[in-house]
Amino acid sequence: DASKLALPVGTTLDRFIMRKQEDFPYATGELSQLLRDIALAAKIVNREINRSGLIDIAGAYGNQNVQGEEQQKLDVVANIRFIRALRNGGEACTIISEEDDEAIDTGNVQGKYIVAIDPLDGSSNIDVNVSIGTIFSVYRRVSPTGQPGTAADCLQPGTHQVAAGYVIYGSSTMLVYTTGNGVNGFTYEPSLGEFFLSHPDIQTPRTGTIYSINEGSSNSFSPGVAAFVRHCQDAQFSARYIGSLVADFHRNLLKGGIYLYPATAKNPAGKLRLMYECNPLAFIVEQAGGRSSNGYARTLELEPAACHQRCPFFIGSPELVALAERFLAQET
Ligand code: AHG
Ligand code: MN
Ligand code: MN
Ligand code: MN
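The written sequence of each chain sets the order in which its residues are numbered from 1. Working convention: letters from A go to chains and numbers from 1 go to ligands, in the order in which they are written. Whole-chain, interface and lining totals are the exception, using all residues; otherwise, since this is a predicted model, local features are given only for residues with pLDDT of at least 70 and side-chain atom pairs are given and counted only at 80 or more.

**Re the UniProt feature "binding site: Mg(2+) 2" (unreviewed entry) in the protein chain**
So the rule is basically this: UniProt positions are given in the numbering used here, feature names are shortened, and annotations may be inferred rather than shown by experiment. Helix and strand assignments follow DSSP, with helices taken as H or I runs no shorter than four residues and strands as E runs no shorter than two, numbered in order from the N terminus. Note on contacts: residues are paired as contacts if their backbone-placed C-beta atoms lie within 7 Å.
In the numbering used here, UniProt assigns the feature "binding site: Mg(2+) 2" (unreviewed entry) to Asp 118, Asp 121 and Glu 277. A compact arrangement is adopted by the annotated residues: their sequence extent is 160 residues, whereas the largest C-alpha distance between any two is 8.6 Å. Within the fold, Asp 118 resides in strand β5 (residues 113-121). Not counting the four nearest positions on each side in its chain, Asp 118 is found in contact with Glu 98, Thr 134, Ile 135, Tyr 276 and Glu 277. Excluding residues that lie within four positions of it along the chain, Asp 121 makes contacts with Ile 132, Gly 133, Thr 134, Ile 135, Ser 244, Leu 245 and Val 246.

**Things to note about unusual backbone geometry**
As a rule of thumb, non-glycine residues mostly have phi less than zero, and peptide bonds are mostly trans rather than cis. We apply this condition: Exposed residues have 12 or fewer other C-beta atoms within 10 Å of their own C-beta, buried residues have 20 or more, and partly exposed residues fall in between, where C-beta atoms are placed from the backbone.
Even without being a glycine, Asp 201 presents a positive backbone phi close to 45°. By the secondary structure assignment, Asp 201 is in the loop between β10 (194-199) and β11 (210-212). With 16 C-beta atoms packed within 10 Å, Asp 201 lands in the partly exposed category. A positive phi angle, close to 55°, is found at Gln 236, a residue other than glycine. Within the secondary structure, Gln 236 is located in the loop between α6 (223-234) and β12 (238-239).

**Describing the environment of Leu 120**
Its location among the elements puts Leu 120 in strand β5. A sequence separation of 15 residues divides Leu 120 from Ile 135, and the C-alpha atoms of the two residues are 7.6 Å apart. Those residues in contact with Leu 120, other than ones at most four positions away along the chain, are Leu 74, Asp 75, Ala 78, Ile 132 and Thr 134.

**Some points on the site of ligand 1**
Note the threshold: Being near a molecule or strand means, for a residue, that its C-beta atom, positioned from the backbone, comes within 6 Å of it. Here the term charged refers only to Asp, Glu, Lys and Arg, the term nonpolar to Ala, Val, Leu, Ile, Met, Phe, Trp, Tyr, Cys and Pro, and the term polar to all other amino acids, Gly among them.
Around ligand 1 sit Glu 69, Glu 98, Asp 118, Asp 121, Gly 122, Ser 123, Asn 214, Gly 243, Ser 244, Leu 245 and Lys 271, and those are all the residues in its vicinity. Counted by class, the shell around ligand 1 contains one nonpolar, five polar and five charged residues.

This is the structure in structure tokens:
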């Protein structure tokens with residue numbers, strides 16, 4: 001019943017989550033609580049980010065994470081905030097985070113959900129006041145409750161997601177999420193401390209004229225990727241690349257376009273992580289009428305073998321992603 005689902009622009013996120021829950025007769029409210037916990041942590045992280053230029057918490061932490069990247073202080077701060085909110089909220093038994101080598105056991109053995117999170121995406125942009133984000137993905141655990149989560153709980157394909165979303169800390173802060181029933185975007189009003197529905201039922205354009213790829217690696221693009229990039233140039237597309245996946249994705253979602261992070265010499269399996277970067281955005285884009293793949297296969301159907309595994313990533317307007325896939329299929 002579509003009329004039941006339509007809520008007016010200006011509805012607060014909390015009310016929206018509550019009303020959506022009422023649409024599912026047997027919903028127990030645990031997923032709703034989990035989403036509210038994430039939104040609360042997002043507000044706290046938003047505050048930290050806004051203050052990062054003032055107090056000396058931005059900048060290198062002098063530590064490296066499991067990916068061998070230099071951890072920024074705000075990576076650490078955001079990771080702590082989200083994990084704390086999810087642990088205190090009680091709904092997640094296990095968390096997979098970019099910033100933690102091993103899956104985190106929250107101690108919530110009754111928690112029915114697994115969360116995979118990139119607490120702070122685009123961290124190289126923190127110190128230069130460019131948009132950054134958070135990406136999250138939620139799965140139902142497959143093991144029985146009463147015990148800690150298992151590896152099987154963590155390594156589910158993206159088709160099993162029950163919710164996914166991102167926060168963009170940009171010229172305004174937004175939270176965009178799906179529970180598999182369309183995509184809705186909420187804009188943060190900092191003086192009120194509330195997210196308000198501003199982008200109901202987001203639909204991505206069927207095609208577009210933006211392509212987003214780090215062309216600094218073009219010497220090592222495969223022939224198919226190189227040919228597709230040439231096609232974008234011949235068609236006089238606009239090149240747009242912020243270097244924060246969330247921000248690049250969000251722009252293309254609203255305006256139409258394609259984002260590509262293919263295999264390169266430096267990152268032979270691609271750079272982006274399946275569990276907490278690719279799958280959540282793939283779920284969102286499909287819910288908005290878009291398409292996502294590794295160039296050959298649907299992102300959501302890739303079988304994960306490890307929490308931090310990487311994959312090539314082609315995402316955006318359905319016609320452009322399908323076209324890129326055709327270029328790759330013609331590779332010799
Ligand atoms: P993170 O900051 O969470 O480690 O993610 C970095 C990712 C992503 O945000 C961005 O799109 C991509 O790295 C940029 O990579 P390049 O600098 O290689 O283009
Ligand atoms: Mn990182
Ligand atoms: Mn990231
Ligand atoms: Mn990150």
